[in-house]
Amino acid sequence: MEKDYEDIPGTFVFDADRSREGYHLNQFCISLRLQKNRDAFNADEEAYLDKYPMTADQREAVLKRDWNRLLELGGNIYYTSKLAANDGINFQNLAGIMTGMGVEAYRDMMLHGGRSIEGNRYKSEWEDE
């Protein structure tokens, strides 16, 4: 079912449908809050992921650290950030990576009021370009 907010560019709204889709992915991510689980994951990522019945796409996104794809596949940003933290990536740096701007450009943009809403309200605005 098409939802009005699907037209927001660069945004994957974590709604009930995404929550259901990403349940096992998010269970994996939140497991990384415990050191023993981080150690097990870091020792053998593939074997650790076998504990969670994720889809092949979700599993691939984890292994490739495809941050935006994780959100698209039902990942909650607060849970997926546990995976980033495991890799030594803080939340600000993760946002810089996910926007494609890089860390410094993202930081500077946020310090200067954030992204302009011009041309960024709806994907349908891009059709005219």
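Keep in mind the model is a prediction, meaning the values are calculated, not measured.

Caption draft 1: Fine view of the packing of helix α8 (residues 91-99) against helix α9 (residues 103-111). Remark: α8 packs on α9, axes separated minimally by 8 Å, with the N-to-C direction vectors making an angle of 105 degrees. Judged on the interaxial angle alone, α9 and α8 are roughly perpendicular. Residues Q92, N93, A95, G96 and T99 of α8 touch α9, and the partners they reach there are V103, Y106 and R107. Split by residue class, the contact of α8 with α9 holds three nonpolar, four polar and one charged.

Caption draft 2: A look at the environment of H24. Within the fold, H24 resides in helix α2 (residues 23-31). Judged by its relative accessible area of 32%, H24 falls in the partly exposed class. Separated by 50 residues in sequence, H24 and G74 place their C-alpha atoms 9.3 Å apart. Here H24 is in contact with Y52, P53 and M54, once residues within four sequence places are set aside.

How each quantity is defined
Residues numbered from 1 in each chain as written. Predicted model: local features only at pLDDT ≥ 70, side-chain atom pairs only at ≥ 80, totals over all residues. Heavy atoms only, no water. Axes fitted to C-alpha atoms, helices over the stretch in contact; angles between N-to-C directions. Helix = DSSP H or I, 4+ residues; strand = E, 2+ residues; numbered from the N terminus. Parallel < 35°, antiparallel > 145°, perpendicular 65-115°, else oblique. Contact = heavy atoms within 4.5 Å. Nonpolar A, V, L, I, M, F, W, Y, C, P; charged D, E, K, R; others polar. Buried < 20%, exposed > 50% of the residue type's maximum accessible area, 1.4 Å probe, protein only.

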